[in-house]
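Each chain, written out:
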Amino acid sequence: MADYANESSGLTTSRPKSRSRKWLWIGIPVAAAVILAAVLGGVLGSRAHNKNKNDSSSAAAASSPTGEAAASQAASIKEAVGLFPTATNSQYLLPLYPSTTNTAAYTTPTFHESSNAALAWPKDSFQPKNPSPTSVRPERPRIIAPAYKWAALPQLIQSDPYLKFWNETIFGNATQYFGLEPVVYHMDGSSGILDNAREIKQRVKAFAYAYRMSNDTKWLDRTFAELQNAVSDNFGPSGTDKWNPTHFLDTAEFTAAFAIGYDWLHDAWSDDQRGQILSAMKTYGLEVGLNAFTNTSTGWWANGIEGNWNCVSNSGLTMGALAIIGDDTTNLAEQILAKTIPNALQNCIFAVSSDGTWSETANYWYFGTTGLAEMTASLLTATGSDFGLLKNNQNLNLTGLYHMYVTGPGSLFAYGDHGPNKFSTTANSLIFWGDVLNKPEYMLFQRDQHDAPEPNSVFWYDPTVAGAFWDGLPLDHFFDNSTDQWGSMRSSWTDQDALYVAMKAGTLQGHQTHNDLDVGDFVIDALGTRWAGELGSGDYLSEGYFSSDAQDSQRWLYYRKRTEGQNTILVNKENQLVTAKPTVKHDTSGTQQGSSTVFDVPDGSTAYFTADLTSAYDKVASFKRGIRLLNKRRQVLLQDDIDASGAIMWRMHTNATVAVSGTSATLTIGDKKLQMSLVNPPDGVQVSTADAVRFDDDPQLPAGQVDQPNPGVTVVEISLPAGKYSLQVLFNPQWDGMAASDFVTPAAVAIDDWSLTSHK
């Protein structure tokens, strides 16, 4: 994260002025990096056409160079173009791409293998024939960032604009952190000291990187001061509970931070410093970690938990164990690795479902995949093997697609909880997956993001990657695992004003108690803003917030978790049933974006996602919801075909100012407008608005508890008496240059009869 940059500057004057974010999210980065690049649209060259680390593919154009010539040409193009984005949007922290066609740079994602030290990492000489978790690389560093890459990095920085930018940003962040006091201990109730741990980890990585790249001992001294502080008398209780093992994520992240500091700076520490760090890591991290595997109060996460807790906990312990092997003679590291690797293979890796979706939420994907990537990378660099972490779940290679499609121009489809502050947690596992799973499009997507500049990225990045992630990438994708069930549709990958629609169904249990009661929930982005959005987490310290995902859980008393707090249908103002088992249907025209960042949607391009949500409700005979794109992806139709014996309420949360007029409403954010209207409205039905607060007759919250406030959020409502209806709501963003006559009014088609051509 380029926290030191001025987010409001940059080449954005041709864009609408960014507005400050209103959605109530905790833990967004302090600021976004402003990326300045010399973007040249006229660079000449030939396209590469493979996705393999082999340039001899028969798919390559006949005129394209191969081998070292292709790698050299790609590097020259990269140097001429620089960073692909021209800036980072200060509201949503997403890259802004120039409107241009560059057939040389914007090509099919690929890797160009090279042995040129100016263009590619050298081959790793550590290639054990029979890898073992306890047989490690002889030289330091050994975890994530091995010595041979540190040696090669200065030369690569000179020739790769991304590595150069990341290097400058990391030094900038380290300089900012250097001027701060060591992290102050703060116990955040049942959420523990996780923020402390991740902030210290973030700092240690930056300081250690700065030392190894500069040999300036001020960075070494500052790293030691940060580590010393985290075990001092002023930092929490004395004894083995110092790193709060009852909330084991804290212990794991502290252990990871100490492992990085110990290993990356191993040869720079004095014997006394090295001994202090080793002793602390063992006492407060590894010894209590080994105990956790037989202690359900601290190690419950080790028993059938397929989610971020298992990944982060096993990762931190693995990193710590790998860091001390050879220096510690107690056999502790060997005992730890005998537990963590099998446990992660049984649990962590299966947090990625059969369609690539993360088991918890879109935001918890960050925490879980960061843990899994750091654990896997540490094992690969330290021992030469992943021991099955990359192979035993064949769907792992799909989780990059999940993150890419859950990200819209108005940020994530952020259903459910979004978690604590991220600090050292990023989406840079995508860069790692891109390398080890041979998915260059993942690497190309993530390298442009605001959180890309950090040390992990530097060592996971393959400088031979080339192309544009969007070239040939479908605009739509549907995720069918029964626990997840959601769809993502858009009009462009590179236009910040693009239309983006996502909707979910899926089960309401099995998400590690991080979901909402929200089948049928949706978001809409257009014109550079989010029109229908998510409220995110409630207060994690609220009584009963994580009690269970049973129907009578106290969690479902809080507005942001209740069905009324989602963009879906209420019946009798009651929560949905946690036993819901929706079924889905969807289709797409299969439209793909080409190489240009300027994409003209062709005639007939469309997509839709429908779900049978009947099982989520009492007093409902049948209910199907569908959402589809119309008119070359410029309009959205949301339709509910419902037969209910209870009162029906349609709800949507928005930051817009809403002006209601009968069966329609005008939504305004800044100078942008969206018209929504009922098509063929039932008699007497009107659009209305309400505050985003609980109903007066809702069940009471636990004594002394309150809901999170939702300032600036309006609920658009449509209320209907019990009965059978087809409620059709049409959303028309007011695109520049589009006349009223250019909008279409869709035909009335039952959801059961929807097809790609049903609304022509």
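All values reported here derive from a predicted model rather than from experimental measurement.

Draft legend 1. Examining helix α12 (residues 399–406) more closely. Here α12 lies mainly inside the structure; eight of its eight residues are buried. What α12 keeps buried is the set T399, G400, L401, Y402, H403, M404, Y405 and V406.

Draft legend 2. Region of interest: the state of the cysteines. Under the definition given, this model contains one disulfide. Put simply, C311 and C348 are joined by a disulfide, and their sulfur atoms are 2.0 Å apart. Linking C311 and C348, the disulfide has an S-S dihedral of approximately 105° and is accordingly described as right-handed. Linking C311 in helix α9 (residues 308–324) with C348 in the loop between α10 (332–346) and α11 (364–383), this pair joins segments that are 37 residues apart in sequence. Considered together, C311 and C348 belong to a single accessibility category, that of buried residues.

Draft legend 3. Summary view of the sheet that holds strand β21 (residues 687–691). Spatially, the four strands line up as an open sheet ordered β12-β17-β22-β21, and their pairing is antiparallel. The open sheet is flanked by β12 (569–571) and β21, the only strands paired with a single partner. The average undirected angle you get between the axes of adjacent strands in this sheet is 35°. By the bridge criterion, three bridges tie β12 to strand β17 (residues 648–654) in an arrangement that is antiparallel.

Draft legend 4. The confidence of the model for the chain, seen in detail. On average, residues of the chain score 92 in pLDDT, and 92% of them reach the 70 mark or higher. Under a pLDDT of 50 for its full length, residues 1–62 has, in the predicted model, 180 contacts with residues more than four places off or in other chains.

Draft legend 5. Inspection of the environment of V679 at higher detail. Inspection of the secondary structure puts V679 in strand β20 (residues 672–679). Taking the relative accessible area as the measure of exposure, V679 reaches 7% and is therefore buried. In this view, V679 contacts Q728, L730, T745 and P746; residues no more than four positions away in its chain are not counted.

Criteria and cut-off values
Residues numbered from 1 in each chain as written. Predicted model: local features only at pLDDT ≥ 70, side-chain atom pairs only at ≥ 80, totals over all residues. Heavy atoms only, no water. Buried < 20%, exposed > 50% of the residue type's maximum accessible area, 1.4 Å probe, protein only. Helix = DSSP H or I, 4+ residues; strand = E, 2+ residues; numbered from the N terminus. Disulfide = S-S within 2.5 Å. Pairing = 2+ DSSP bridges. Axes fitted to C-alpha atoms, helices over the stretch in contact; angles between N-to-C directions. pLDDT = per-residue confidence, 0-100. Contact = heavy atoms within 4.5 Å.

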